[in-house]
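Coordinate inspection notes
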Amino acid sequence: MSSSPQHTFRHRDSSPAGAPGRKRSQFTYRHLHQMATFNTSCPLRVIAHLDLDCFYAQVEMVRLGVPEDKPLAVQQWQGLIAINYPAREFGIGRHCTVTEAKKLCPELIHQHVATWREGLEKWAYHPDAAENIATDKVSLDPYRLESRRIMATIKGALPHKLQKVEKASIDEVFLDLSAQVHAALLERFPELANPPPYDDASEQLPMPSISALDWQADALVDLHDEDWEFDDPDWDDVALLVASEIVRDVRAAIKNQLRYTCSAGIARNKLLSKLGSGYKKPNMQTVIRNRAVQRFLSDFKFTKIRNLGGKLGEQVKQAFGTESVSDLLSVSVEQFKLKLGDDTGVWIWNTLRGIDASEVSSGTQIKSMLSAKSFRPSISTMEQAARWLRIFAADIFSRLVEEGVLENKRRPRTMNLHHRHERQTRSRSSPIPLGRPLDEKTLFELAKNLLSQIVAENDVWPCVNLSLSVGGFEEGISGNMGIDAFLLKGDEARAHRDESKTSLAQDSRREAYQPTAKRRRMENSGGIQRFLTKREPSGAGGDTSDVMPAGGLPEEDLSHHQTITTHEQTPITSHVCVRCNANVESPEALQSHTDWHFAKDLQEEERVSQTFANRQAAAAGSSRAGGQKPGAPAGPKRPGRPKKGAERGQSKLSFG
Ligand code: TTP
Ligand code: CA
Ligand code: CA
């Protein structure tokens with residue numbers, strides 16, 4: 001960590017922390033200890049969100065050695081998908097075509113994304129890619145690769161045993177810094193290591209032995225309320241300060257080792273830290289202190305808050321006739337429940353107060369991978385189709401390598417091929433044989449075999465879309481167990497053989513893959529999901545190359561999909577989910593796919609936050625319908641024995 005305690009904190013004159021008459025912290029020893037275990041209801045929790053600035057553009061700038069002040073944009077066919085900050089000064093945005101952008105800024109460097117090319121075995125940066133939409137397929141591998149290096153750098157900059165890092169999208173991570181900050185607090189403030197008075201964890205902590213915090217270059221959200229500003233710093237402020245130092249160091253490591261800048265938000269939960277990282281860009285970090293939460297949120301239209309940008313946000317707007325967070329603070333939880341149903345009502349009530357107990361989860365695993373291409377003009381021979389299968393196999397294999405297939409960490413068990421002819425979709429699946437190492441050739445041969453089965457039918461040409469996916473991942477054991485770990489025995493093997501019978505989907509209504517069906521099931525089950533079908537998820541997700549990770553993507557990232565869709569209104573479409581880089585065949589399929597992500601995330605989030613959220617809303621009660629004071633007791637009920645008196649500041653600070 002860069003800063004010494006002396007530099008960062010001005011310590012108070014020494015007087016015993018527990019001396020009579022001294023103010024006590026509003027936090028207890030139990031809260032402090034909860035930090036060490038990443039407890040999601042801990043009011044001292046510290047979460048950071050990092051988002052790379054103009055990510056693909058930075059990757060191209062570093063790769064090409066373009067100076068930082070030169071305008072550059074990343075091109076996909078005739079559209080732009082990433083624009084660096086100097087280029088944004090010219091008014092260039094994702095809405096521009098290359099031609100429009102060049103008019104705004106003739107010296108703009110526009111680099112086309114790398115592509116796979118029919119007949120070639122590896123993706124490459126082709127100077128003529130934009131003219132070869134019929135024969136090329138976008139490869140995001142360069143960005144995935146950098147994304148992985150960034151992840152590794154972040155992890156390397158944090159203490160191994162105290163880190164919790166969740167990859168949220170190709171250019172975002174969440175960090176739960178609670179345990180690391182906890183360790184730093186104990187080190188810097190030795191008084192915290194003393195046992196609580198009477199050995200009672202619900203005793204309040206002494207106030208921090210500091211009088212002023214030096215936030216260095218961080219953007220602090222203004223309070224516009226002097227009383228609150230002049231309240232002495234409590235441990236939540238100190239925890240955020242320590243976290244901001246850690247984040248500054250992480251950002252410096254990314255810059256020094258990889259030359260990339262990123263922006264960050266530091267706050268008590270994922271919802272707020274995500275809003276914080278976008279607050280000041282590029283290359284800035286924003287701290288949202290607990291005392292500033294309501295003020296910070298009030299500046300946003302609620303439709304900017306994750307999960308509130310789409311259909312649900314629209315419904316809320318209709319129901320209450322406003323888009324303003326402040327206006328909605330006077331709406332009671334009962335009113336929300338009445339208009340939107342119980343789950344959604346509670347969820348919104350909490351969200352507007354910056355309450356979010358969703359977990360930073362490091363264990364997100366890829367469940368399947370998909371590579372696809374739509375053909376316009378359509379293709380009509382086995383040879384043409386086979387050339388694409390070779391590309392798909394190479395594409396999927398390179399992602400499998402990232403997933404550790406070579407080290408036997410994980411391995412897919414099944415392969416699916418979908419083939420569309422006019423309005424008819426046929427699909428075949430087969431097991432991926434066990435007992436020998438998986439390679440590109442094996443994947444290709446399997447895919448070709450599936451294609452031959454389809455081609456044996458009548459009327460399969462011309463083909464307008466091919467899509468290859470692998471799934472059913474199973475964990476291997478890396479190290480000495482080697483490939484044997486993948487060998488199946490007895491009943492398991494029989495079950496697998498049964499599973500592997502081929503299937504034929506003649507019904508064109510059948511979706512190319514599962515997410516949509518899953519989503520429908522969730523929608524049918526009622527509850528909050530029915531409101532959330534058009535938007536992207538909260539939080540975070542898995543790796544960059546999967547189809548179905550758990551976790552979420554913030555609302556604003558939905559524009560990735562929409563932008564890509566717009567850009568690719570050209571003859572051949574390749575709709576990419578930025579969340580997981582799945583290539584899907586149509587805007588509709590992409591929508592279904594993103595819906596699926598969203599529903600999945602929400603389900604997960606609800607699971608985590610349900611108990612917590614209900615408790616919050618119940619505490620607010622129907623009778624307190626109107627005028628809930630901003631930031632009024634929004635935090636978790638304190639554990640332990642009843643309070644001995646009101647905690648100072650408790651009515652002002654809300655916890656998430
Ligand atoms: P973002 O993080 O949304 O944007 P950005 O990193 O380009 O810019 P900012 O500094 O505002 O964060 O997206 C990350 C990458 O995802 C982006 O560099 C390119 C890709 N992307 C698309 O391909 N299409 C899209 O419509 C969007 C929004 C992003
Ligand atoms: Ca970004
Ligand atoms: Ca992003």
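In this text, all values refer to a predicted model and were calculated from it rather than measured experimentally. (Residues numbered from 1 in each chain as written. Chains lettered and ligands numbered in written order. Predicted model: local features only at pLDDT ≥ 70, side-chain atom pairs only at ≥ 80, totals over all residues. Heavy atoms only, no water.)

1. Description of the overall build of the chain
Tallying secondary structure elements over the chain gives 21 helices and 23 strands in all. Within the chain, buried positions represent 59% of all 656 residues. Taking the contacts inside the chain whose residues are at least 6 apart along the sequence as the reference set, 71% of them involve residues at least 24 apart. For the chain, the accessible area works out to roughly 26,100 Å², and carbon and sulfur atoms hold 51% of it. (Helix = DSSP H or I, 4+ residues; strand = E, 2+ residues; numbered from the N terminus. Buried < 20%, exposed > 50% of the residue type's maximum accessible area, 1.4 Å probe, protein only. Contact = heavy atoms within 4.5 Å. Areas by Shrake-Rupley, 256 points an atom, 1.4 Å probe, with all protein chains shown as cover.)

2. What about the nonpolar core?
L50, I154, L177, V181 and L185 are the most contacted members of the largest nonpolar core, which totals 63 residues. No other element matches the 12 residues that helix α9 (residues 235-258) contributes to this core. Each of domain 1 (1-15 + 22-46 + 177-293) and domain 2 (55-140) contributes no fewer than three residues to this core. Sequence-distant contacts of L50, that is, excluding residues within four places in its chain, are made with I154, D171, E172, V173, L175, V247, V250, R251, I254, C262, S263 and A264. Among the nonpolar cores identified, the runner-up in size contains 35 residues, and I391, L446, A447 and L468 belong to it. (Core = buried A, V, L, I, M, F, W, Y, C linked by side-chain atoms within 4.5 Å. Domains from an automatic or database assignment.)

3. Things to note about the sheet that holds strand β15 (residues 285-287)
Strand order in the open sheet formed by six strands is β9-β10-β3-β14-β15-β13, with mixed pairing between adjacent strands. Looking at the sheet topology across the chains shown, the edges are occupied by β9 (165-169) and β13 (219-220). Across two bridges, β13 lies against β15 in parallel orientation. By the bridge assignment for β15, L220 is matched with V287. Against the sheet, helix α6 (residues 141-156) engages β3 (47-52), β9 and β10 (172-176), with an angle of about 155 degrees to β9. (Pairing = 2+ DSSP bridges. Axes fitted to C-alpha atoms, helices over the stretch in contact; angles between N-to-C directions.)

4. Let's talk about the coordination of the calcium ion (ligand 3)
Only D51 (OD), D171 (OD) and E172 (OE) from the protein reach the calcium ion (ligand 3) as donors, at distances of 2.2 to 2.5 Å. We note that the donor set of the calcium ion (ligand 3) lies within a single chain, spaced as D-x119-D-E. A separation of 3.5 Å is found between the calcium ion (ligand 3) and the calcium ion (ligand 2), both of which receive a donor from D51. Within this pair, whereas D51 is found in strand β3, its partner E172 is found in strand β10, the two being separated by 121 residues in sequence. Judged on exposure class, the residue D51 and its partner E172 are both buried. (Donors = N, O, S within 2.8 Å, 3.2 Å for Na, K, Ca; no water.)

5. What about the coordination of the calcium ion (ligand 2)?
At this site the calcium ion (ligand 2) is bound by D51 (OD), L52 (O) and D171 (OD), with donor distances of 2.1 to 2.3 Å. Of note, the calcium ion (ligand 2) draws all its donor residues from one chain, in the sequence arrangement D-L-x118-D. In this structure L52 comes out as buried when scored by relative accessible area, which is 5%.

6. Some points on the confidence of the model for the chain
The predicted coordinates should not be examined in detail at positions where pLDDT is low. Confidence along the chain averages 76 in pLDDT terms, with 68% of residues attaining 70 or more. The model gives residues 604-617 a pLDDT under 50, and that stretch makes 33 contacts with residues more than four places away or in other chains. Taken together, the stretch residues 621-656 has pLDDT below 50 and engages in 90 contacts with residues farther than four places along the chain or on a different chain. (pLDDT = per-residue confidence, 0-100.)

7. Topic: the sheet that holds strand β16 (residues 369-379)
The strand order β16-β20-β18-β19 describes an open sheet built from four strands, whose pairing is antiparallel. Looking at the sheet topology across the chains shown, the edges are occupied by β16 and β19 (424-431). Adjacent strand axes in the sheet meet at a mean angle of 10 degrees, parallel and antiparallel pairs treated alike. Sheet topology places strand β18 (residues 414-421) next to strand β20 (residues 463-471); seven bridges connect them, and they run antiparallel. Its bridge partner lying in β20, T414 is registered against G471.

8. Remarks on the environment of I454
Structurally, the position occupied by I454 is in helix α17 (residues 440-455). Among the residues examined, I454 registers a relative accessible area of 0% and is labelled buried. Once the C-alpha coordinates of I454 and H418 are considered, the two residues, 36 residues apart in sequence, prove to be 9.1 Å apart. For I454, the contacting residues outside a window of four places in its chain are L417, H419, R426, S427, R428 and V460.

9. Some details on α17
End to end, α17 covers 22 Å across 16 residues, agreeing with the expected 22 Å (1.5 Å per residue, within 8%). Every buried residue of α17 is accounted for by T442, L443, F444, L446, A447, L450, L451 and I454. The inward-facing, buried residues of α17 contact α16 (382-402), β18, β19 and β20. (Expected span 1.5 Å × (residues − 1).)

10. Observations concerning the pattern of salt bridges
Opposite charge on two side chains allows them to pair when their charged atoms are near. Per the counting criterion, the structure on display carries 25 salt bridges. Of the charged contacts, one joins K255 and E68 as a salt bridge, the two residues approaching to 2.9 Å between their closest N and O atoms. Of the two residues, K255 sits in helix α9 while E68 sits in the loop between α3 (55-64) and β4 (72-76), which places them 187 residues apart along the sequence. The closest approach of N and O atoms between R188 and E245, which form a salt bridge, is 2.7 Å. Pair noted here: R188 is in helix α7 (residues 178-188) and E245 is in helix α9, with a separation of 57 residues, a long-range link. Given a relative accessible area of 11%, R188 falls into the buried group. Taken together, the shared-partner salt bridges connect D51, D53 and K281 into one network. (Salt bridge = Lys/Arg side-chain N within 4 Å of Asp/Glu carboxyl O.)

11. Remarks on the packing of aromatic side chains
A complete count under the given rule lists 10 aromatic pairs for this structure. Ring geometry for F375 and W388: centres 5.6 Å apart, planes at 55 degrees, overall tilted. Placement of F375 in strand β16 and of W388 in helix α16 is noted, with a sequence separation of 13 residues between them. For W388, a relative accessible area of 1% translates into the label buried. A connected cluster of aromatic rings, assembled from ring pairs, spans F55, Y56, Y143 and Y260. The ring of Y125 carries R63 above its face, with NZ or CZ at 3.3 Å from the centroid. One residue, K270, lies across the ring of F174, its end atom 4.9 Å from the ring centre. (Phe/Tyr/Trp six-rings, centres within 6.5 Å; stacked < 30°, edge-to-face > 60°. Lys NZ or Arg CZ within 6 Å of the ring centre and 35° of its normal.)

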